[in-house]
Structures are given as C-alpha cells and as structure tokens.
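Coordinate inspection notes
Each chain is listed here by its residues.
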Amino acid sequence: MKVAFLGTPDFAATAFDALLASDHEIVCVVSQPDRRAGRGRRVTRPPVAERADALGIPLQQPQSVGSPELREWIADSGAEGGVVVAFGKILGPELLATPAYGFLNIHASLLPRWRGASPIQAALLAGDTTTGVTIIEVTPGLDAGPMLDRFEISIPPGMTADALHDALAVLGGERIVSVLDRLPEGITAEVQDPAQVTRAPLIKKADGDLDWSISADALARRVRALHPWPGTRTRLGELV
C-alpha cells in the first residue's frame, strides 16, 4: 500500500522504520515544524523529518494541517492510506477522507484506557501491570476511533518510562505493518466502550515535584513514570 506518514518524535520514527522495511511504500511525510530544544535552544529537526530528508521522501512541516493545499499534496502523492503516530495535531474530517483507506493511528495503550497525550506515563503512575498498543481508525475525536488491532504486553516491576516507550514503539511498528497487510481484505473494527475510558493528560515539568504525603509505592511509581523527562525532584529548605 502507498502510505502517507504523519509523525514527529522517536516513537513515530520507529514505526517509520518498520514501514520502510515492509512491502508498503511511504510516498509522503508530514511532520511538525523544527523547534528550539535543549539547554542551548538550538533549532532541532524532528526525527521523522530527518529520515524523510535523508531518503528523499517528499516532506511537509506545516504550522497547520487544515489547509486545502496540504490535502491536495497528500492526494497528489498517490497515498492509498495514512498512518499517524505521535503527530501532535488533530486532523479534520476533510483531511481524514483524503486517502481511500483513511488514516490509522498507533496508540501506546490498550484503548479505551489512557486516551490522551501521555499514556505510557499514565500506565506507570497508576501501577498498571499490563499495557500495549492499539491500532485505531483516526476520527476527529481524541483517540476515540474504532479499534482494528490490540496487543497486550506485561509491565515488569521497576520498568521506567523510557524503557516502556522503546518496547511499545517497536511493538507499534510491528502491529501497524500487520494491519496494513490485512486492510485491503477487510478488518472488523471494534467500537470503544465509553464506560471504560480513562484519560492521560499531557505531562508537565511541575509533575516531577515529589509529594511526600503519598505512599512510598506511589512515589516510586512517579520516579519511574517521569524518567527521563521531566524527572523528579524534591526540596529541602531552600535546597532542591
């Protein structure tokens, strides 16, 4: 299948690499604009954009994804389907309808549990013993689309967010290739149960401030969930 790929960070880059190694063809890429990052505030190119540039795959990094020009560009690429991974923007209905097979999303949780921006951290903060990835049809609602594939893994004791991130990124790449392989034959989608929805809001730097009134187990989960970013910290008098 000819695929339009929408993604930005390392998690998306792992799925990008999996698609490159498959029989599917990435015909165009949309990524977030370059941003200033790190202590030196240097302009940093997203990992997905770097890969597209290196391979000569047509790339767009728009400030907005609502323009007719972007829709026409994706349509002209010949994309039959789209894959969205940690892209960071909501896609409107007109864009979603552009490829014949629509857009699929890799989400790093067992939906409908942990919809939102930080499902990996949310699972660790809650003390979940299992998680996984879900492949869904992208709809205008946040992580609310019908599920095409759901694969569960266990969370070993002591696992940190970065280790879980890497494991789920690899799993997500494997599952999206499997779904694209089967998609033309038809896959029965499962509607998410709204009664089972939980939310995983965006993690902020202030979330790393430790609250010593909570249990030792909860503190340990927070340290693991927020490693490496934003990290955790405490204050002793005027010292941090």
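This is a predicted model, so every value here is computed, not measured.

Across the 8 residues of helix α5 (residues 119-126), 6 count as buried, placing the element largely inside the fold. Of the residues making up α5, those classed as buried are Pro119, Ile120, Gln121, Ala122, Ala123 and Leu124. The inward-facing, buried residues of α5 abut β7 (103-107), β8 (115-116), β9 (130-137), α6 (161-182), β11 (199-200) and α7 (216-225). Just past α5, the residue Gly127 takes up positive phi, approximately 80 degrees.

One open sheet holds the 7 strands; their spatial order is β5-β2-β1-β6-β7-β9-β10, and the pairing between them is mixed. Bordering the open sheet on either side are β5 (59-60) and β10 (147-154), each of which pairs with just one other strand. Pairing of strand β6 (residues 81-85) with β7 involves 3 bridges; the strand directions are parallel. Its bridge partner lying in β7, Gly82 is registered against Phe103. Those strands touched by helix α3 (residues 68-76) are β1 (2-7), β2 (25-30) and β5, and its axis lies near 170 degrees from that of β2.

A few words on the environment of Gln121. Locating Gln121 in the fold gives a position in helix α5. A residue is classified by how much of its surface remains accessible, and Gln121, at 19% relative accessible area, is buried. Residues Gln121 and His227, spaced 106 residues apart in sequence, show a C-alpha to C-alpha distance of 9.1 Å. For Gln121, the contacting residues outside a window of four places in its chain are Ile203, Ala225 and Leu226.

The subject of this paragraph is the packing of helix α1 (residues 10-20) against α6. Running from N to C, α1 and α6 cross one another at 40 degrees; their axes reach a closest spacing of 8 Å. One finds that α1 runs oblique with respect to α6. With respect to the hand of their crossing, α1 and α6 are arranged in right-handed fashion. Packed against α1, whose contacting residues are Asp10, Phe11, Thr14, Ala15, Ala18 and Leu19, the element α6 presents His165, Leu168, Ala169, Val170, Gly173, Ile176, Val177 and Leu180 at the interface. Broken down by class, the residue content of the contact of α1 with α6 amounts to 10 nonpolar, 3 polar and 1 charged.

Bringing the pattern of salt bridges into the picture now. Per the counting criterion, the structure on display carries 9 salt bridges. Linking Asp53 and Arg45 is a salt bridge whose minimum nitrogen-to-oxygen distance equals 2.7 Å. Across the salt bridge formed by Arg182 and Asp149, the nearest N and O atoms sit 3.2 Å from each other. A residue pair is termed long-range when its members are at least 10 positions apart, and Arg182 in helix α6 and Asp149 in strand β10 qualify at 33 residues. Through salt bridges that share partners, Asp34, Arg45 and Asp53 make up one connected network.

Looking now at the nonpolar core. Counting residues in hydrophobic clusters, the biggest one holds 43 residues, and the most contacted among them are Phe5, Ile176 and Leu180. Top contributing element to this core by residue count: α6, with 9 residues. Core analysis: the next-biggest nonpolar cluster, separate from the first, contains 15 residues, Leu6, Leu70, Ala79 and Leu91 among them.

Rules of the game
Once a new chain begins, its residue numbering starts again from 1 and follows that chain's sequence as written. With pLDDT at 70 or above as the cut-off, local features in this predicted model cover only qualifying residues; side-chain atom pairs require 80 or more to be listed or tallied, and sums for whole chains, interfaces and linings still use all residues. Computation of side-chain values: all heavy atoms of the structure, hydrogens and water removed. Think of it in three bands: residues with accessible area under 20% of the maximum for their type are buried, residues over 50% are exposed, and the middle band is partly exposed, with areas taken using a 1.4 Å probe on protein chains only. Helix and strand definitions here come from DSSP, where helices need a minimum of 4 consecutive H or I residues and strands a minimum of 2 consecutive E residues; each element is numbered from the N-terminal end. The contact rule is simple, with two residues in contact once any of their heavy atoms fall within 4.5 Å. Between any two strands, at least two bridges found by DSSP are needed for them to pair. The angle between two axes is taken between their N-to-C directions and runs from 0 to 180 degrees, where each axis is a line fitted to C-alpha atoms and a helix contributes only its stretch in contact. Any angle that is under 35 degrees is reported as roughly parallel, and any over 145 degrees as roughly antiparallel; angles of 65 to 115 degrees are reported as roughly perpendicular and all others as oblique. Note on convention: near helix rotated counterclockwise from far helix by under a right angle means a left-handed crossing. Clockwise means right-handed. Charged residues are taken to be Asp, Glu, Lys and Arg, nonpolar residues to be Ala, Val, Leu, Ile, Met, Phe, Trp, Tyr, Cys and Pro, and polar residues to be all remaining types, Gly included. Salt bridges are defined as contacts in which a side-chain nitrogen from Lys or Arg sits within 4 Å of a carboxyl oxygen from Asp or Glu. Only buried residues count toward a nonpolar core, which is a set of Ala, Val, Leu, Ile, Met, Phe, Trp, Tyr and Cys residues joined through side-chain atoms within 4.5 Å.

Geometric values such as these leave the question of function open.
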